[in-house]
Amino acid sequence: MSREWKIPGALVAIFVVAYTLPLGNPKIQEAFRLLQWYARNHTLACVVPVLFIAGAVITFLSQNTVMRYLRPKSNPVIAYAVASVSGCILAVCSCSVLPIFAGIYKLGAGIVKNINRRK
(Lines give C-alpha, C1' and ligand atoms only; values in the text may rest on other atoms or scores of the structure.)
Protein backbone atom coordinates (compact mmCIF):
# COMPACT_ATOMS: atom_id res chain seq x y z
CA MET A 1 0.00 0.00 0.00
CA SER A 2 1.45 3.35 -0.98
CA ARG A 3 2.03 6.21 1.44
CA GLU A 4 -0.63 8.23 -0.34
CA TRP A 5 -3.27 5.79 0.89
CA LYS A 6 -1.82 5.05 4.34
CA ILE A 7 -2.25 8.54 5.76
CA PRO A 8 -5.88 9.04 4.65
CA GLY A 9 -6.62 5.46 5.71
CA ALA A 10 -5.23 6.13 9.19
CA LEU A 11 -7.26 9.34 9.46
CA VAL A 12 -10.44 7.49 8.44
CA ALA A 13 -9.69 4.74 10.97
CA ILE A 14 -9.20 7.30 13.75
CA PHE A 15 -12.45 9.00 12.77
CA VAL A 16 -14.37 5.69 12.79
CA VAL A 17 -12.98 4.78 16.21
CA ALA A 18 -13.78 8.23 17.62
CA TYR A 19 -17.26 8.15 16.06
CA THR A 20 -18.18 4.74 17.45
CA LEU A 21 -16.71 5.06 20.94
CA PRO A 22 -19.32 4.52 23.66
CA LEU A 23 -18.61 7.71 25.61
CA GLY A 24 -21.28 6.85 28.15
CA ASN A 25 -19.13 3.95 29.33
CA PRO A 26 -17.23 4.96 32.51
CA LYS A 27 -14.16 2.96 31.47
CA ILE A 28 -13.92 4.88 28.17
CA GLN A 29 -14.33 8.17 30.02
CA GLU A 30 -11.58 7.19 32.45
CA ALA A 31 -9.30 6.25 29.54
CA PHE A 32 -9.77 9.70 28.00
CA ARG A 33 -9.16 11.36 31.37
CA LEU A 34 -5.88 9.43 31.65
CA LEU A 35 -4.94 10.39 28.09
CA GLN A 36 -5.63 14.03 28.92
CA TRP A 37 -3.57 13.77 32.11
CA TYR A 38 -0.69 12.21 30.17
CA ALA A 39 -0.83 14.93 27.52
CA ARG A 40 -0.82 17.68 30.13
CA ASN A 41 1.67 16.34 32.65
CA HIS A 42 4.12 14.46 30.51
CA THR A 43 4.03 15.76 26.98
CA LEU A 44 3.75 19.46 27.79
CA ALA A 45 5.96 19.31 30.87
CA CYS A 46 8.72 17.05 29.52
CA VAL A 47 8.76 16.48 25.79
CA VAL A 48 8.10 20.01 24.54
CA PRO A 49 10.82 21.65 26.70
CA VAL A 50 13.29 18.96 25.69
CA LEU A 51 12.66 19.69 22.02
CA PHE A 52 13.65 23.29 22.74
CA ILE A 53 16.74 22.09 24.63
CA ALA A 54 17.69 19.89 21.66
CA GLY A 55 17.30 22.87 19.35
CA ALA A 56 19.48 24.95 21.65
CA VAL A 57 22.14 22.23 21.68
CA ILE A 58 22.26 22.19 17.89
CA THR A 59 22.19 25.99 17.68
CA PHE A 60 24.63 27.01 20.40
CA LEU A 61 27.14 24.16 20.56
CA SER A 62 29.76 24.23 17.87
CA GLN A 63 30.66 21.08 16.04
CA ASN A 64 34.30 21.50 17.12
CA THR A 65 33.33 21.43 20.79
CA VAL A 66 31.31 18.27 20.39
CA MET A 67 33.98 16.60 18.28
CA ARG A 68 36.70 17.48 20.77
CA TYR A 69 35.05 15.59 23.62
CA LEU A 70 32.53 13.18 22.11
CA ARG A 71 34.00 11.95 18.84
CA PRO A 72 34.29 8.18 18.38
CA LYS A 73 38.10 8.18 18.76
CA SER A 74 38.29 10.53 21.74
CA ASN A 75 39.54 9.39 25.13
CA PRO A 76 36.74 7.21 26.55
CA VAL A 77 37.29 8.45 30.12
CA ILE A 78 36.88 12.09 29.06
CA ALA A 79 33.95 11.23 26.79
CA TYR A 80 32.14 9.44 29.61
CA ALA A 81 32.90 12.27 32.05
CA VAL A 82 31.52 14.92 29.66
CA ALA A 83 28.48 12.76 28.88
CA SER A 84 27.85 12.13 32.60
CA VAL A 85 28.02 15.80 33.53
CA SER A 86 25.79 16.66 30.57
CA GLY A 87 23.36 13.95 31.65
CA CYS A 88 23.19 15.39 35.17
CA ILE A 89 22.51 18.88 33.86
CA LEU A 90 19.97 17.70 31.28
CA ALA A 91 18.23 15.16 33.53
CA VAL A 92 15.14 14.26 31.53
CA CYS A 93 13.04 11.16 31.10
CA SER A 94 14.15 8.38 28.79
CA CYS A 95 11.76 9.29 25.98
CA SER A 96 12.93 12.89 26.02
CA VAL A 97 16.63 12.14 25.79
CA LEU A 98 16.27 10.90 22.20
CA PRO A 99 15.83 14.35 20.62
CA ILE A 100 18.81 15.67 22.58
CA PHE A 101 20.97 12.71 21.58
CA ALA A 102 19.87 13.07 17.95
CA GLY A 103 20.99 16.71 17.99
CA ILE A 104 24.38 15.87 19.49
CA TYR A 105 24.79 12.93 17.11
CA LYS A 106 24.08 15.20 14.12
CA LEU A 107 26.89 17.46 15.32
CA GLY A 108 29.27 14.52 14.98
CA ALA A 109 29.37 12.81 18.37
CA GLY A 110 30.17 9.13 18.32
CA ILE A 111 28.99 6.25 20.39
CA VAL A 112 31.62 4.82 22.73
CA LYS A 113 30.99 1.11 23.13
CA ASN A 114 33.32 0.18 25.96
CA ILE A 115 35.49 2.28 28.23
CA ASN A 116 38.20 -0.42 28.42
CA ARG A 117 38.54 -0.84 24.66
CA ARG A 118 41.07 1.49 23.03
CA LYS A 119 42.47 1.44 19.55
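Residues numbered from 1 in each chain as written. Predicted model: local features only at pLDDT ≥ 70, side-chain atom pairs only at ≥ 80, totals over all residues. Heavy atoms only, no water.

**Focus: the overall build of the protein chain**
In step 1: Of regular secondary structure, the protein chain possesses five helices and zero strands.
In step 2: Helices and strands in the protein chain line up, N terminus first, as α-α-α-α-α.
In step 3: On the protein chain, roughly 9,500 Å² of surface is accessible, and the fraction owed to carbon and sulfur atoms is 68%. (Helix = DSSP H or I, 4+ residues; strand = E, 2+ residues; numbered from the N terminus. Areas by Shrake-Rupley, 256 points an atom, 1.4 Å probe, with all protein chains shown as cover.)

**Points about the confidence of the model for the protein chain**
In step 1: Averaged over all residues, the pLDDT of the protein chain is 76; the fraction at 70 or higher stands at 83%.
In step 2: Of all helices and strands in the protein chain, the one with the weakest mean pLDDT is helix α5 (residues 97–106) (72), whereas helix α1 (residues 3–20) scores best (84). (pLDDT = per-residue confidence, 0-100.)

**Concerning the nonpolar core**
In step 1: The biggest cluster of nonpolar side chains holds ten residues, and these are V50, A54, V57, V66, L70, A79, I100, I104, L107 and A109.
In step 2: Every element with two or more residues in this core is listed here: α2 (26–60), α3 (63–70) and α5.
In step 3: The contacts of A109, once residues within four sequence positions are left out, are V66, M67, L70 and I104. (Core = buried A, V, L, I, M, F, W, Y, C linked by side-chain atoms within 4.5 Å. Buried < 20%, exposed > 50% of the residue type's maximum accessible area, 1.4 Å probe, protein only. Contact = heavy atoms within 4.5 Å.)

**What to know about α1**
In step 1: Here α1 spans 26 Å end to end across 18 residues, near enough to the 26 Å set by a 1.5 Å rise per residue.
In step 2: Counting buried positions along α1 gives zero out of 18 residues, so the element sits mostly on the surface. (Expected span 1.5 Å × (residues − 1).)

**A few points about a nonpolar patch on the surface**
In step 1: Where nonpolar side chains cluster on the molecular surface, the patch consists of V12, F15, V16 and Y19 and spans about 460 Å² of accessible area.
In step 2: In this fold, F15 is placed in helix α1. (Patch = residues over 30% accessible without salt bridge, like charges linked within 9 Å, V, L, I, M, F, W, Y side chains within 5 Å. Salt bridge = Lys/Arg side-chain N within 4 Å of Asp/Glu carboxyl O.)

**Digging into the pattern of salt bridges**
If the charged atoms of two oppositely charged side chains come close together, the side chains can form a pair.
In step 1: The full count for this structure, using the stated rule, is one salt bridge.
In step 2: One salt bridge in this structure joins E30 and R33, with 2.9 Å as the shortest N-O distance. Highlighted residues: E30 and R33, both in helix α2, separated by three residues, approximately one helical turn.

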